[in-house]
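Fold and contact review
Each chain, letter by letter, is given below.
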Amino acid sequence: MDIAEEWLLADSAWWGVRRWFGRCALRLRNGEPAGSTPVAPEDVPAGARTRRLGGTVLPGLRDAHVHSGLVDLRSVRSGGIAEVHDLGSAPDVLEALRVDDPTLPRARVVGAFLTAPRGYPSDRSWAAAGSFREVLSPLDAEAAVGEQQQVGAHAIKVALNSDAGPVLRDSVLAAIVAAAHAAGLPVIAHVEGEGTLRQAYDNGIDRLAHTPWTERVDEGLLADAAQRMSWISTLDIHGFGTDTPQLRTATDNLRRFVEHGGTIHYGTDLGNGPLPQGVNPREVTALLAAGLTPDDVLTAMTDLRSPVPPCWVPGGLDPTPSRFADSLSSAQVVDPVAPDLPA
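The notes below deal with the structure included here. The numbers attached to residues start from 1 for each chain and follow its sequence in the written order. This being a predicted model, a pLDDT of at least 70 is required before a residue's local features are given, and a value of 80 or more before pairs of side-chain atoms are given or counted; all residues contribute to the totals for chains, interfaces and linings. Side-chain numbers come from the whole structure's heavy atoms, not from hydrogens or water.

1. A look at the overall build of the protein chain
Numbering of helices and strands runs from the N terminus; a helix is a DSSP stretch of H or I covering at least four residues, while a strand is a stretch of E covering at least two. Helix and strand counts for the protein chain stand at 10 helices and 19 strands. A radius of gyration in this sense is built from C-alpha atoms; the matching globule rule multiplies 2.2 Å by the number of residues raised to 0.38. For 343 residues, the compact-globule estimate of 2.2 N^0.38 gives 20 Å, and the protein chain sits close to it at 21 Å. Once the C-alpha set of the protein chain is aligned to its principal axes, its extents read approximately 65 × 45 × 35 Å. When a residue's accessible area, from a 1.4 Å probe over protein chains only, is under 20% of the maximum for its type it is buried; when over 50% it is exposed; and in between it is partly exposed. Classification of the 343 residues of the protein chain by burial places 53% in the buried group. Throughout, a contact is declared for two residues whenever any of their heavy atoms are within 4.5 Å. Expressed as a percentage of contacts within the protein chain between residues at least 6 apart in sequence, the contacts between residues at least 24 apart total 64%. What sets the accessible areas is the Shrake-Rupley method with a 1.4 Å probe; for residues, cover comes only from the shown protein chains. Roughly 14300 Å² of accessible area belongs to the protein chain as shown, and the carbon and sulfur atoms make up 50% of that amount. Counting rule applied: Lys, Arg positive; Asp, Glu negative; His and chain ends not counted. All charge positions are set by atom: Lys at NZ, Arg at CZ, Asp at CG, Glu at CD. Across the protein chain, the mean location of the 29 positive side-chain charges is 3 Å away from that of the 43 negative side-chain charges.

Listed below in structure tokens is the structure:
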């Protein structure tokens, strides 16, 4: 069977930070971008298969914090999300994500939460059996990391929630980070409660699953974290569109983190409360309120290195800040064409 190759023709494109094009064409192979950037329509080879989309074509949009067992992933894809990062699910859910199903977003997983004995989220009703793994000692850490590798983990997630029970001891956390880094895997931490961001930073955590919201982060620690960590936003879970003290604290922390040069990834904690299953315009609006520009938001939602189908905004993406969130929420994932059948 031949490779399915086509060119998408659009009115405009956003493809990398602050790079806008006029009418353009994007080459796809097997539904994924085959070139580094869109090109002028006149550069499309004669006789090539083309598809006229109109609107604005974008790299595949990503939600970097999803719990797949708690949402309808088909609805998530229909809502404009081409890739999800599952940050903690049961083995049966992870197994289902291995299936090559074009109606689902592409998925990257962390496996189970690694946590202290009786630590968060072991006492939560939503935490299905196998979605968390208690790590007993530094010697147990390497085995715990290896188990997540076996289910295809692209990163390791640890839970550091001092407001909800015991947290991993520094010696155990350091052993988890060392084992993960030796395997080439970054470590993502859920930090919640006094001192947990400091513990995460001191033990080499690479990314936070949430913008901190339980306390205003000290300026010095914030500046240090911005040089070495990235944060996943998850602002809308603190109120679901209404103003709350937690949202104000998280927004303040995120704004200052970005001012110090920190990197933000768009993520919603999808599965946690009444969140839109797709592009969340409230999350986008919250990021704009924290000082990000529309270009910054698109950068936080995309990764040009990730092989996922592109997205497009049928009516054209409106970069005006007051209209940007609603415009982006109309995004769709571009469906692949069927491969050519042999003659």
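After that view of the structure, there is still more to cover.
2. Quick notes on the sheet that holds strand β2 (residues 12–14)
To summarise the sheet geometry, strands pair through backbone hydrogen bonds and adopt either a parallel or an antiparallel arrangement. With mixed pairing, five strands are arranged side by side in an open sheet as β3-β2-β7-β18-β19. Because the sheet does not close on itself, it has two edges, and the strands there are β3 (20–21) and β19 (332–333). In this analysis, strands are considered paired if DSSP registers two or more bridges between them. As defined by bridge partners, strand β7 (residues 56–58) adjoins strand β18 (residues 311–313) across three bridges and the pair is classed as antiparallel. Considered in β18, the bridge of Leu 58 is made with Cys 311.

3. Examining the pairing of strand β14 (residues 187–192)
Among the six residues that make up β14, six are buried, leaving the element largely enclosed by the rest of the structure. Burial along β14 is two-sided: the residues Val 187, Ala 189 and Val 191 and Ile 188, His 190 and Glu 192 are all buried. By the bridge criterion, six bridges tie strand β13 (residues 156–161) to β14 in an arrangement that is parallel. When the sheet's bridge partners are listed, Ile 156 is paired in β14 with Val 187. Look down the strands so they point away from you; if going from the first strand over the helix to the second traces a clockwise path, that crossover is right-handed. Handedness of the crossover joining β13 and β14 through helix α4 (residues 170–182): right-handed. Taken together, the two bridges between β14 and strand β15 (residues 207–208) define a ladder with parallel strand orientation. Residue Ala 189 lies in a different strand from β15, and its bridge partner there is Leu 208. The handedness of the β14 to β15 crossover, carried by helix α5 (residues 196–202), is right-handed.

4. Things to note about the nonpolar core
Here the nonpolar core consists of buried residues drawn from Ala, Val, Leu, Ile, Met, Phe, Trp, Tyr and Cys, with membership extended through side-chain atoms lying within 4.5 Å. Within the largest apolar cluster, 79 residues are counted, with the highest numbers of intra-cluster contacts made by Val 158, Ile 176, Ile 205 and Leu 328. Element by element, the count of residues in this core is highest for α4, at seven residues. The split of the chain into domains comes from an automatic or database domain assignment. Counting contributing residues per domain, this core is built from domain 1 (5–59 + 309–333) and domain 2 (62–301), each supplying no fewer than three.

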